[in-house]
Amino acid sequence: MTVASVAFYGCALGLLALGFKELLLGFEENRCSMTYMYEYPEYRRVALPRRVARLYPAYGLYLYGEGQYAQETRALKLTGAPVLFLPGNAGSHKQARSLGSVALRKAEALEGGIHLNVFTIDFNEELVALYGGSLHRQTHFLHESIKAVLRLYKDHKTPPHSVVLVGHSMGGVVARALFTLPRFSSSLVSLIITQASPHQAPVLSLDTNLLEFYSAVRQRWVGEAEDLRNVTVLSVGGGYRDYQVRSGLAILPCHGDDPTKLSLVATAVPRTWVSTDHLSIVWCKELVLATVRAFFDLIEPETGQFSDDPDKRTAVLNHHFIRHPVRLLSEQQETPITLSGSPEAWSEVNTLRLAYSTPKEGQAKNFLFALSSRRKAYSHFYCRNNNLEMISWVYGCTQMNGSICVQGVDLSLETELLPAFKVLILQLSQLSTVSHLVVAASNLNGRQFTVECEWQRQVSQTVSVPHVLSFGMTAGDVTLNSTGLLHTVELQHFHQVYQAFRITVISQCKVTKADRLPNVYRMKVPWFREDSITTSSVPSVTEISGMLHTSRPDNTTGALLQLHTAPNCQYKIFVRTSFPKVLGQVLRFCGPVLPVYTAVALLLACGGQLSAIMRTGRPLQMSQAVVRALQPHKVDLPVYLLHLLLRHSWFQDGWSTLHLPSLDALPSTSPDGTTQEKVPTTEDWARLLSPLLFVFGASVAFWGSALLRLSLWLLSLLLAPLYRPSVSRDCGTLRPRTQICLILCLSILGGASCGALSITIVFLLHLYRVLRLQMTEWSLSHMLNLAPDKLGDKDNSTGNNENVAVDSKALNSRPEECNGSPLLSESVLQDVRNDLQLHVSLAALLTLPVMLCAPSLIHWTRNLRYSAGRLDPDPCWPHTVPLLIASVLLINCNTLTLSYSKTLPITSCLLLPLSVAMVTFSPLHLYRVTYFLSAALIPLSVSCLF
């Protein structure tokens, strides 16, 4: 192994670490406010029917309460609107306390006794994102829980007919899975709000049960969705802080023309505007307040229950989560509206811009803007204010009386709430019946605020973003010298998720004013609701992260940078590629594929060792084998050729005739909810990333095997005093009869309990074999170092051909499995080292199936107190039986047997096709990695026998 190889893999590991650092830490600080309980939270268990309790002993249904409310609901006599919280992967039912506590405080401030009853389900903190076998049980228990909740209201005069569901993470997927149950009535659930739920596809596809579950849910909501249009679903993604479930996965798979299915990112939610991590999205006060406000707006005052009108549900959710128009939904304005005021309170504005700050003493003030002279020269009217309490503040005048408008229409409904002010943009072409615009700026209560308005020609400027491989050396820039209040800059060619930029906005003003409104910079994505907003003072230097959650699905414009600026200031915008952020985006979208490329690197390295055994009788060092295995063209070219052939109908027909599975590709980045998980990405995306992922996978294999070797070395040091010294390469092996018994016992154990348990036991037995080889290598090296002059090879002996044997004490102390009386020589030491290199490689390969099967083992272990029998369903059984047999047989494998094997040449030739197949079929089906490793290890175990 050369210094250049170590340097190369060191650089690759450094790039990988840089990407993970950007993924895990390269975002804004958590700006969410914490929700606090004012009284001690209580979770009162709701009794379920005996049949349900017997079928689901690990699950439970609870009612959340605090203080006096908890005492009042002790008998479960409920009168509120029911909301049911569903925890996600490894989630606790106690996560409902933020929603429940805020709902209680909100109800205390209202009249009429309107309130929520917040229920929560205990799913035993199961790892359902990694083990799909529990998803069906959770779905059935949710159905039973909904029926139990509605039964609590049977004596109420206006009982609810449905329950609102709030699902976090996988809880949101389970909520949508309800509608796949044959006996479930869709009228029981009318509204679902999901938080950071991976609706598009599982984050890691570790078993077939998980994918089959997702396929059934998708088929129900996409293929058979006509009867689900009355069910309103809102999905909220966490943004860049959530590195566990990227926001692109939170998009609802549905038809684009269905207005009742809404998907967005938390950064685009009005009055929230923050990114949340995977856990804080549950307790983020800004988002919880938006959710609770929406719930209370959906309650009918007459019944105290949620509205059954789907149009009202959609309107309320749009109001609180998509575009906050400031006006309350319940407010109705008469049309036309009568305006009043003394002539002194009216002023006509003849300039292009109005900047008005109210005096400290209260006064009535209205501004008139004539439209007749502006329609041809301008396209829009822009107006904003801060701290203005009035909801209706801009009118279109339809009747004038001198210089006073006496009748008009309210145009304030289009007002949009931004962090620093309210903004209204009117399109003049839609105001044909209006002669003047009226801006009401009265502050009769003495409250101070600022109003700024101007006529605009809405023309966007364009800046070309630099290439993704420019490494920040070049920059696109644009200077805004206009005195306008609003500017739009199109970031041309910025529409792919692997692009990432550092956008710097420099604001400079000739005159410094203390009362200027702050700048608001908005990254606007036309094809998905993933806008992000940044505020800054004037003047300032502001840095914005330019990244996307989804790629552009069609030929729409690129991302837009909307700047709400201060007047009479200059703004310079610089756009540079951020290479660390590019790496972070690659890992965000393709990180789950990395185990596939790591397995490929280990498999090719094993193939290199087998080839070396055939040529020289000795395997390569593991690190050297990984270095030589880094040949991505041998894998990528066949895969690319296969994709090209599948574009031809004749090849597709032959492929279908053979019943071969569809090809996997890199994860889809399109926001189109109707696409399948296996939609291929653009060719540039695939061509660019596949070699890079191969290098990353090889670096993980290189340093992972080095870490494994170091761990085994340290562990052997600790265990060496517990074992007698040995000098045989056969130490740690099993007798043939023992192997047969072990295979039978582990097969029975796996079938009766958990298949992953058997795989883990075999892996530990193989590690024991490696540790014994490591300790033997230590013993031989120590003995040879103690007596170097007494030992020699046969070729160097002059008087006789004998070697110095081990002293009688060492020979008499060898363990029982070390049969024979090996001679102590350099050749014996080399044989042990050869076997050690081989078994370290095999141990690295066997580590992957153990890791992929670990979630099912953890689930089985945690549920032993509820069910001590077989794991059902078991994704690792019986598919891993061949791997189990091969792993037991490989314990006795050594390089001497392999060097004389007649089947070894065939086995070594199989590893490259298996690697190609792994890259072709496993990126979106990680559990297939185990299948391909089994297909590689079975012929290798046969080579150890024949």
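Residues numbered from 1 in each chain as written. Predicted model: local features only at pLDDT ≥ 70, side-chain atom pairs only at ≥ 80, totals over all residues. Heavy atoms only, no water.

Things to note about the environment of Val840
Put simply, the rule reads: Each helix corresponds to a stretch of at least 4 residues labelled H or I by DSSP, and each strand to a stretch of at least 2 residues labelled E; elements are numbered beginning at the N terminus. In what follows, a contact means two residues having at least one pair of non-hydrogen atoms within 4.5 Å.
Assignment of secondary structure puts Val840 in helix α20 (residues 826-862). For the pair Val840 and Tyr597, spaced 243 residues apart in sequence, the C-alpha to C-alpha distance is 19 Å. Residues within four places of Val840 in sequence aside, it is in contact with Leu708, Arg709, Leu712 and Val770.

Overview of the pairing of strand β15 (residues 404-410)
Just so we agree on the cut-off: At least two bridges found by DSSP between two strands are what make those strands a pair.
Bridge count between strand β9 (residues 337-338) and β15: two bridges; the pairing is antiparallel. Each residue of the ladder has a partner; that of Thr338, found in β15, is Gln407. Of the strand pairs in this sheet, strand β14 (residues 394-401) and β15 are connected by six bridges, and their pairing is antiparallel. Looking at the pairing, Met400 lines up with Cys405 of β15. Here β14 folds back onto β15, and the loop between the two strands holds two residues, one of which, Gly402, carries a positive phi near 75°.

Things to note about the confidence of the model for the protein chain
To keep things clear, this is the line we draw: Confidence of the prediction at every residue is given by pLDDT, a number between 0 and 100.
Taken as a whole, the protein chain shows an average pLDDT of 87; of its residues, 92% reach a score of 70 or greater. Low confidence marks residues 789-822, where pLDDT is under 50. Its contacts with residues over four positions away, or in another chain, come to 44 contacts.

Here's the deal with the state of the cysteines
Quick note on the threshold: Cysteine sulfur pairs qualify as disulfides if the two atoms are within 2.5 Å. Note on classification: 1.4 Å probe, protein chains only; a residue is buried when its accessible area is under 20% of the maximum for its type, exposed when over 50%, partly exposed between these limits.
Across all of its chains, the model carries five disulfides by this definition. What pairs with Cys383 in a disulfide is Cys453, and their sulfur atoms sit 1.8 Å apart. Taken together, the residues Cys383 in strand β13 (residues 380-386) and Cys453 in strand β19 (residues 450-456) connect sequence positions 70 residues apart. Here Cys453 falls in the buried class, since its relative accessible area comes to 0%. One disulfide in the model links Cys397 with Cys405; its S-S distance is 2.2 Å. Measuring handedness by torsion sign, the sulfur bridge of Cys397 and Cys405 sits at about 110° and is right-handed. On the accessibility criterion, Cys397 (0% relative accessible area) is buried. Under the relative-accessibility criterion, Cys405 is labelled buried at 0%.

Description of empty space enclosed by the protein
What counts is decided by this rule: Here a cavity is any set of points on a 1 Å grid over the protein atoms alone where a 1.4 Å probe fits but cannot get out, and a pocket is any open set with protein on both sides within 12 Å along at least 5 of 7 lines; a residue lines the site when it has an atom within 4 Å of a point. Grid points are joined across faces, edges and corners, and a volume is the space filled by probe spheres set on the points. Each residue gets one of three labels, nonpolar for Ala, Val, Leu, Ile, Met, Phe, Trp, Tyr, Cys and Pro, charged for Asp, Glu, Lys and Arg, and polar for the others, Gly among them.
A full pass over the atoms with the stated rule returns nine cavities of 30 Å³ or more. A volume near 150 Å³ is recorded for the largest cavity. Lining the largest cavity are 16 residues, with Leu206, Asp207, Pro875, Cys876 and Tyr927 sitting closest to its centre. Mapped onto the lining of the largest cavity, the elements with two or more residues apiece are α20 and α24 (928-943). A breakdown of the residues in the lining of the largest cavity according to their chemical character gives 10 nonpolar, five polar and one charged.

A closer look at the pairing of β14
Summarising the sheet, β14 and strand β18 (residues 436-440) pair through four bridges and their orientation is antiparallel. For Val394, the partnering residue across the bridge sits in β18 and is Val439.

Notes on the packing of α20 against helix α21 (residues 881-890)
The test is simple: Axis definition: a line fitted to C-alpha atoms, over the contacting stretch in the case of helices. Angles run 0 to 180 degrees between N-to-C directions. Relative orientations are named as follows: roughly parallel for angles under 35 degrees, roughly antiparallel for angles over 145 degrees, roughly perpendicular for angles from 65 to 115 degrees, and oblique for any other angle. Throughout, a crossing is termed right-handed when the near helix is turned clockwise from the far one, and left-handed when it is turned anticlockwise from it by less than a right angle.
Where α20 contacts α21, the two axes come as close as 12 Å, and the packing angle between them is 160°. As the angle between them shows, α20 and α21 are arranged roughly antiparallel. Crossing of α20 against α21: the hand is left-handed. Contact with α20, carried on its side by His839, Leu842, Leu846 and Pro849, involves Leu883, Ser887 and Leu890 of α21 and no other residues of that element. The residue makeup of the contact of α20 with α21, split by class, is five nonpolar, two polar and no charged.

Comments concerning the nonpolar core
Heads up, the condition is: Residues belong to a common nonpolar core when they are buried Ala, Val, Leu, Ile, Met, Phe, Trp, Tyr or Cys residues joined through side-chain atoms within 4.5 Å.
If you look at the biggest cluster of nonpolar residues, it comprises 129 residues, and the most contacted ones within it are Ile503 and Ile573. Those residues within four positions of Ile573 in sequence are excluded, and the remaining contacts are Gly476, Asp477, Val478, Leu480, Val489, Ile503, Thr504, Val505, Leu561 and Leu563. Membership of the second largest hydrophobic core comes to 94 residues, among which are Leu84, Val118, Val233 and Phe295.

Some thoughts on the sheet that holds strand β7 (residues 232-237)
Spatially, the eight strands line up as an open sheet ordered β1-β2-β4-β3-β5-β6-β7-β8, and their pairing is mixed. Of all strands in the sheet, those with a lone pairing partner are β1 (41-45) and β8 (261-265), marking the two edges. Adjacent strand axes in the sheet meet at a mean angle of 20° when their direction is disregarded. Pairing between β7 and β8: five bridges, direction parallel. If you follow Val236 over to β8, its bridge partner there is Leu264. Strands β1, β2 (60-66), β3 (81-86), β4 (116-122) and β5 (164-168) of the sheet are contacted by helix α4 (residues 97-108), whose axis makes an angle of about 40° with β2.

Re a nonpolar patch on the surface
Defined as follows: Nonpolar side chains (Val, Leu, Ile, Met, Phe, Trp, Tyr) are joined into patches within 5 Å and like charges within 9 Å, using only residues with over 30% relative accessible area and no salt bridge. Surface accessibility follows the Shrake-Rupley procedure with a 1.4 Å probe radius. Residue values consider only the protein chains on display as shielding. Think of a salt bridge as a Lys or Arg side-chain nitrogen and an Asp or Glu carboxyl oxygen that are within 4 Å of each other.
A contiguous nonpolar patch, built from Leu707, Leu710, Trp713, Leu714, Leu717 and Trp778 and spanning about 540 Å² of accessible area, is present on the exposed surface. If you tally residues by element for the nonpolar patch, the top one is helix α16 (residues 683-719), at five residues. Among the secondary structure elements, Leu717 is positioned in helix α16. Overall, the relative accessible area of 36% leaves Leu717 in the partly exposed class.

Brief notes about the packing of aromatic side chains
Counted only if it meets this: In this analysis, rings of Phe, Tyr and Trp, with Trp reduced to its six-membered ring, are considered paired at centre separations within 6.5 Å, and the interplanar angle assigns stacked below 30 degrees, edge-to-face beyond 60, and tilted for intermediate values. Each ring is checked for a lysine NZ or an arginine CZ that lies within 6 Å of its centre and within 35 degrees of its normal; such an atom marks a charge sitting over the ring.
Throughout the structure, instances matching the rule amount to 23 aromatic pairs. Residues Tyr59 and Phe141 carry aromatic rings whose centres are separated by 5.3 Å and whose planes lie at 65° to one another, so their mutual orientation is edge-to-face. In this pair, Tyr59 is assigned in the loop between α2 (50-55) and β2 and Phe141 in helix α5 (residues 135-151), connecting sequence segments 82 residues apart. Where Phe295 meets Phe306, the ring centres are 5.9 Å apart and the plane angle is 70°; that geometry is what we call edge-to-face. Taken as a pair, Phe295 in helix α9 (residues 285-298) and Phe306 in the loop between α9 and α10 (310-322) lie far apart in primary sequence, 11 residues in all. Summarising the burial analysis for this pair, Phe295 and Phe306 share the class buried. Taken together, the ring pairs connect Phe8, Tyr9, Phe702 and Trp703 into an aromatic cluster. The ring of Phe421 has Arg384 sitting right over it, with the charged end atom 4.9 Å from the ring centre.

Structural notes on the packing of helix α12 (residues 594-616) against helix α13 (residues 622-629)
The contact between α12 and α13 brings their axes to 8 Å, and the two run at 110°. The orientation of α12 with respect to α13, classified from their angle, is roughly perpendicular. Contacts from Ala601, Leu602, Leu604, Ala605, Gln609 and Arg615 of α12 reach α13 at Met622, Ala625, Val626, Arg628 and Ala629. Residues that form the contact of α12 with α13 fall into these classes: eight nonpolar, one polar and two charged.

As for the sheet that holds strand β28 (residues 569-577)
In spatial order, the strands read β21-β28-β23-β26; together these four strands make up an open sheet with antiparallel pairing. Each end of this open sheet is capped by a strand with a single partner; those strands are β21 (475-480) and β26 (540-546). Here the average twist between neighbouring strands, direction ignored, is 15°. Pairing between strand β23 (residues 501-509) and β26: seven bridges, direction antiparallel. Counted as the bridge partner of Arg502 is Ser545 from β26.

Quick notes on unusual backbone geometry
The omega torsion across Val538 and Pro539 is -5°, close enough to zero to call that bond cis. By secondary structure assignment, the location of Pro539 is in the loop between β25 (532-536) and β26. In this structure, Pro873 follows Asp872 across a cis peptide bond, with omega equal to -5°. Following the sequence through the fold, Pro873 ends up in the loop between α20 and α21. In this structure, Asn124 takes a positive phi of about 65° despite not being glycine. Look at Asn124 and you get buried, because its relative accessible area is 10%. With phi around 55°, His659 is a residue other than glycine that occupies positive phi space. Here His659 shows up in the loop between α15 (649-657) and α16.

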